[in-house]
Amino acid sequence: MSDTVDIRLSVNGERVAERVDARTTLVDFLREALSLTGSHVGCEHGVCGACTVRVNGQIVRGCLMLAAQCDGAKIETIEGLSDAGEVADLQAAFEQRNALQCGFCTPGMLLTAQELLKRGGVPSRDEIRDHISGNYCRCTGYHAIVDAVEAVAQARAGGKK
Amino acid sequence: MKIVEDNPPVLSALDRPNSYIGRSVPRPNLKRLTQGRGQYVSDVTLLRMAHVAYVRSPHAHARIVKIGKAAAEKAPGVIAVVTGAELAKVMTPWVGVLTHLKGLKSAPQAPIAVERACWQGEAVCAVVARTRAQAEDACELVDVTYQELPAVVDPETALDAKTPVIHASINDNLCFERKLDVGKVDEAFASSDAVVETTFMFNRHTGVTNEPRAIVADWNEGEQRMTVYQGTQAPHMMQDLFAKHLSLRHDQVRVLTKDVGGSFGIKVHTYADEMATVALSKLLKRPVKFVADRIESFVTDIHARDHRIKAKIGVKKDGTITAFEIDDLTGIGPYSVYPRTSGIEANQVVNLVGGPYTCPNYRAQARVVFTNKNVMCQYRAVGHPIAVAVTEALVELAAAKIGMDPLELRRRNLLPDENYPAQSAAGLKFEKLSHHESLAHLDAMMNYAGLRAEQAKLRKNGVYRGLGFASFIEVTNPSAAFYGVGGARITSQDGATVKLDAQGNISVATGVTEQGQGAEAVVAQVAASAFGVPIERVRVVTGDTDNTPYGGGTWASRAAGIGGEAAWQAGKALRANVLVVAGAMLQAKPETLDIRNGAVVDKATGTERLPLEELARVAYFRPDTLPAGVQAELMATRHYVPRAWPFAFTNGIQASYLEVDVDTGFVRLLKHWCVEDCGTIINPQLVDEQIRGGIVQGIGAALFEHCLYDERGQMLNGNMADYLVPMAAEMPDIECGHVVSPTADSELGAKGAGEAGTAGAPACIMNAINDALRPLGAAPLGEMPFTPERVLKALGKV
């Protein structure tokens with residue numbers, strides 16, 4: 001078995017073809033091969049959620065998936081979501097509410113929150129807390145994050161009426 | 001929906017036209033972070049950069065007999081394999097002592113262990129390779145022969161004659177000892193109607209910053225200069241230490257700190273592996289990067305607390321507290337951490353116990369002992385969580401014993417609001433505190449009476465809820481009394497340089513640093529207000545020893561109070577300079593002019609006279625048109641250090657409402673409140689978020705976090721799956737309130753707010769759990785964290 005694998009994939013809408021070490025995790029691949037450093041490495045064992053990215057529309061832990069598994073996949077990171085404007089309202093709410101301090105968890109937190117918000121409706125504070133409970137934030141104590149997500153849920157629901 | 005609206009200014013004295021003081025201005029650096037465009041040290045890549053991984057001791061204490069490097073040196077990508085003995089030729093060792101902590105002693109520590117490893121996780125060999133993965137691969141091939149030595153793991157027996165001494169050079173395992181005896185303690189206890197005596201355990205926990213420690217060191221042999229990118233709280237302190245131990249001049253060392261993924265006191269210390277990384281760059285003449293992985297972090301980031309405290313309180317029937325007594329024993333690992341030492345926390349505990357109260361009788365003993373576990377040092381709120389928990393638990397146990405409401409007992413003993421300046425039994429000096437007003441505010445904010453009624457009603461249904469409180473004081477804005485007087489080259493002053501650019505905008509270079517707490521925002525608010533421009537026209541520069549005034553950085557809740565005041569004074573100085581130029585251009589007296597909203601105006605009427613952009617154009621490009629003798633000075637620097645008081649003490653009170661499941665032992669947090677007094681509030685939202693984040697960090701210590709060690713000194717739960725941290729689902733909403741007692745030591749009057757949450761939260765949780773279980777006759781819990789097992793044991797169920 002070879003130590004390297006050739007993969008072709010889409011990252012934030014760009015076509016990418018790379019040869020990767022079979023052991024390279026998705027988040028290391030994004031950060032090191034593609035310089036997409038918005039996805040962060042916090043624990044490398046699937047607990048902290050700082051490496052959260054989207055693979056084929058679903059959020060995954062970039063440290064628990066290998067780059068080699070992503071052949072043919074569509075990957076989206078915080079850089080892609082930002083440039084596309086998909087989470088602009090959520091980012092604005094985080095900024096206005098100071099729902100981040102050091103910002104290290106924020107890209108993962110935004111992707112996780114967006115997954116909840118995409119389901120529509122206005123989740124309760126408990127539902128928001130439950131949904132983001134796999135994303136570790138040492139700075140905020142979470143209260144401000146829940147406020148920001150709740151505010152965006154209400155704004156989006158209001159906008160649809 | 002609770003997005004905070006812009007609050008009106010709090011203080012009229014600072015309310016210049018268009019003042020930003022007291023307003024919840026969003027932080028200027030947030031968009032970068034929400035878009036994933038921050039630059040953390042772990043993101044930094046340089047040309048020719050190599051990566052280092054460390055071989056770490058698997059033993060708590062072992063002689064390093066031999067290090068076989070040959071196989072590792074031949075591994076793919078390896079650039080160098082370097083032992084402690086080899087690195088000792090590049091970098092000198094250090095000793096973590098301070099002269100004002102009399103008798104404090106420690107042993108020399110090297111960047112990589114030489115001959116002996118003293119804790120599990122200490123680096124014993126470095127492997128530098130082209131990639132981190134290759135370096136880790138080769139670490140597996142380094143063949144270290146160890147001779148295991150007996151490990152000292154229990155602080156309780158560390159001083160026993162039969163316990164081996166860790167460092168032969170310092171005779172025993174005692175790092176530091178302090179005794180205090182004030183008033184008439186024995187007589188006071190004898191005259192008490194009730195005495196409560198108990199033992200508290202504050203187990204080890206650690207910071208778990210989301211971004212682990214990270215450093216990139218770049219020695220340029222051609223320039224003979226070291227550039228270090230480091231996630232640190234104190235760039236100038238690190239510049240001094242790198243220079244000292246590499247025998248370089250300060251101007252040969254530049255420390256750059258950009259975005260930092262969380263600090264909390266973890267990143268204000270000297271770490272051997274970071275020092276080694278800098279030494280390796282010098283040795284190899286190329287950039288070397290080290291990022292601790294999470295497993296390394298757990299055994300090398302400083303641990304915190306680890307105190308066993310025997311404590312005693314005396315009280316009279318009328319609620320008067322007669323005396324406090326404590327005996328603190330704390331285990332700090334094999335070295336006192338450099339340069340702040342590991343004696344400060346126990347010293348703080350002695351200083352702070354009983355601090356909010358009038359009680360004049362106080363006896364304390366603290367002993368700080370060496371062990372073969374990871375090093376212990378200052379972490380957010382240093383000593384306060386311990387002292388507050390001990391004091392406040394004693395207060396509530398005493399209240400229960402004499403059958404008095406715990407808030408009433410506090411009212412009868414807290415230092416009176418009208419009687420300042422005041423001094424505590426331990427000798428702490430208080431300029432102005434507001435314990436009673438804070439308590440009254442909290443009482444009303446939480447609807448105390450209503451919650452007591454609800455609690456009583458639910459108890460009848462077998463639902464056990466508890467209310468717990470913690471009054472506290474907090475050390476902020478430290479003067480040189482903290483470290484400087486003890487010989488540490490840690491500055492307590494800070495500077496700010498404000499510069500007008502050629503378009504009429506300003507930049508502020510500050511010695512304080514941004515760790516996410518909002519220092520950039522606070523400095524921008526203050527400078528914009530003092531000088532007179534919209535905040536959008538202020539750019540703040542931090543974290544660069546080449547380009548910021550010499551400063552202390554971020555620790556002991558000093559950034560806003562000290563860095564903010566320096567920015568205020570510098571902003572005012574630049575305004576005066578600019579008005580001299582404006583006066584010349586407008587043929588007006590400078591004192592009749594002001595700068596408001598980015599333009600020079602007539603001071604009396606506010607009529608615009610000259611946009612700053614025009615003034616800057618003339619001053620920079622047509623100075624020939626200014627009158628002879630008028631030289632525009634468009635950059636101003638001011639420094640500030642607190643002088644009137646050694647520390648600006650803040651105060652406050654917290655409350656917790658929780659429910660204990662008496663069948664499972666689980667604790668469910670329902671709500672938390674905090675009223676605090678940090679003086680002038682520059683940015684209400686940022687203060688509240690410091691409080692909230694700090695509270696949750698304190699809750700982590702109270703309910704979840706514990707670095708578990710076995711009897712051989714092996715850490716058992718050094719990963720995030722086994723070491724529990726607070727996550728969103730278990731945390732409560734937190735309501736904040738404020739009382740404002742500015743310090744007169746500065747014009748701004750701001751004190752610190754970064755640690756108050758962490759100081760009080762563990763005490764609150766403890767008291768609330770004990771309040772919930774009191775009707776069940778449970779033994780009061782005093783060992784943190786309060787796991788379900790400990791709760792069930794207290795209930796006699798397991």
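Residues numbered from 1 in each chain as written. Chains lettered and ligands numbered in written order. Predicted model: local features only at pLDDT ≥ 70, side-chain atom pairs only at ≥ 80, totals over all residues.

Right, let's talk about the sheet that holds strand β7 (residues 174-182) of chain B for a bit. Residue and element names in this part refer to chain B. Read from one edge of the open sheet, 6 strands run β7-β17-β16-β15-β8-β31, paired in mixed fashion. Two strands bound the open sheet, and with one partner strand each, they are β7 and β31 (783-784). As paired elements, strand β8 (residues 194-202) and strand β15 (residues 307-315) share 9 bridges and run antiparallel to each other. Paired with V195 across the bridge in β15 is G314. Here helix α9 (residues 344-352) sits on the sheet and contacts β7, β15, β16 (321-331) and β17 (362-369); the angle it forms with β17, its principal contact strand, is near 170 degrees. (Pairing = 2+ DSSP bridges. Helix = DSSP H or I, 4+ residues; strand = E, 2+ residues; numbered from the N terminus. Contact = placed C-beta atoms within 7 Å. Axes fitted to C-alpha atoms, helices over the stretch in contact; angles between N-to-C directions.)

Moving on, we come to unusual backbone geometry. All names here are of chain B. With an omega of 5 degrees, the peptide bond running from Y420 to P421 counts as cis. Note the cis peptide between M784 and P785, where omega equals 0 degrees. Looking at the element boundaries, P785 is found in the loop between β31 and α19 (788-794). The backbone phi angle of S247 is positive, close to 55 degrees, even though this residue is not glycine. As for its position among the elements, S247 is in the loop between α6 (235-246) and β12 (253-256). In the Ramachandran plot, Q587 falls in the positive-phi region, its phi being about 55 degrees despite a non-glycine side chain. For Q587, the location among the structural elements is in the loop between α15 (559-586) and β24 (593-596). The exposure class of Q587 is exposed, given the 7 C-beta atoms found within 10 Å. (Buried ≥ 20, exposed ≤ 12 C-beta atoms within 10 Å, placed from the backbone.)

All names here are of chain B. Pairing between strand β11 (residues 225-230) and β12: 4 bridges, direction parallel. Bridged to V228 within β12 is V255. Viewed along the sheet, the connection from β11 through α6 into β12 turns out right-handed. (Right-handed = clockwise from strand over helix to strand, strands pointing away.)

Turning next to the pairing of β11(B). Residue and element names in this part refer to chain B. With 5 of 6 residues buried, β11 lies mostly within the body of the structure. In this sheet, β11 lies alongside strand β10 (residues 214-220) in antiparallel orientation, the contact comprising 6 bridges. Its bridge partner being in β11, V216 is matched across the sheet by Y229. The turn joining β10 and β11, which pair antiparallel and follow one another in sequence, is formed by 4 residues; a positive phi near 55 degrees is taken by Q224.

Next up on the list: the interface of chain A and chain B. Each side of the interface is counted separately: chain A has 47 residues, and chain B has 47 residues. Put simply, the parts of the chain that give the side of chain A that touches chain B at least two residues each are α2 (78-84), α3 (88-97), α4 (106-118), α5 (125-131) and α6 (143-160) of chain A. Looking at the side of chain A that touches chain B residue by residue, the class counts come to 20 nonpolar, 18 polar and 9 charged. (Nonpolar A, V, L, I, M, F, W, Y, C, P; charged D, E, K, R; others polar.)

For the rest of this paragraph, the subject is the domain arrangement of chain A. All names here are of chain A. Examined at the domain level, chain A breaks down into domain 1 (4-81) and domain 2 (87-160). Sorting the residues of the side of domain 1 that touches domain 2 by element identifies β3 (52-55) and α2 as the ones contributing at least two each. Of the residues assigned to the side of domain 1 that touches domain 2, the class counts are 8 nonpolar, 6 polar and 1 charged. (Domains from an automatic or database assignment.)

Turning our eyes to something else, we now look at the domain arrangement of chain B. Residues and elements named next belong to chain B. Here chain B is described as being made up of domain 1 (30-38 + 493-640), domain 2 (41-149 + 212-260 + 266-300) and domain 3 (380-478 + 644-794). Placing the centre of domain 2 and that of domain 3 at their C-alpha centroids yields a distance of 38 Å. At the junction of the two partners, domain 2 supplies 8 residues and domain 3 supplies 8 residues. Looking at the side of domain 2 that touches domain 3 residue by residue, the classes come out as 5 nonpolar, 2 polar and 1 charged.

Right, let's get into the environment of V475(B). Residue and element names in this part refer to chain B. Examined against the element boundaries, V475 turns out to sit in strand β20 (residues 464-476). Once the C-alpha coordinates of V475 and A323 are considered, the two residues, 152 residues apart in sequence, prove to be 23 Å apart. Beyond its immediate chain neighbours, meaning those up to four positions away, V475 contacts A556, F647 and F649.

This brings us to the confidence of the model for chain B. All names here are of chain B. Scored by pLDDT, chain B has a mean of 96; 98% of the residues are at 70 or more. Long-range and interchain partners of residues 1-13, a stretch whose pLDDT sits below 50, account for 30 contacts in this model, where long-range means more than four residues apart. Across the predicted assembly, pTM comes out at 0.97 and ipTM at 0.97. (pLDDT = per-residue confidence, 0-100.)

The next point concerns helix α1 (residues 26-33) of chain A. All names here are of chain A. Among the 8 residues in α1, 6 count as buried, and that is most of the element. Within α1, burial applies to L26, V27, D28, F29, L30 and R31. Looking at the residues trailing α1, positive phi occurs at S35, about 60 degrees.

Attention now goes to the packing of α6(B) against helix α7 (residues 272-284) of chain B. All names here are of chain B. For the pair α6 and α7, interaxial distance at closest approach is 11 Å and the crossing angle is 55 degrees. Taken together, the axis directions place α6 and α7 in an arrangement best described as oblique. Once α6 is placed against α7, the crossing between them reads as right-handed. Of α7, the residues touching α6 (which contributes F242, H245 and L246) are M275, V278, A279 and K282. (Parallel < 35°, antiparallel > 145°, perpendicular 65-115°, else oblique. Left-handed = near helix turned anticlockwise from the far one by under 90°.)

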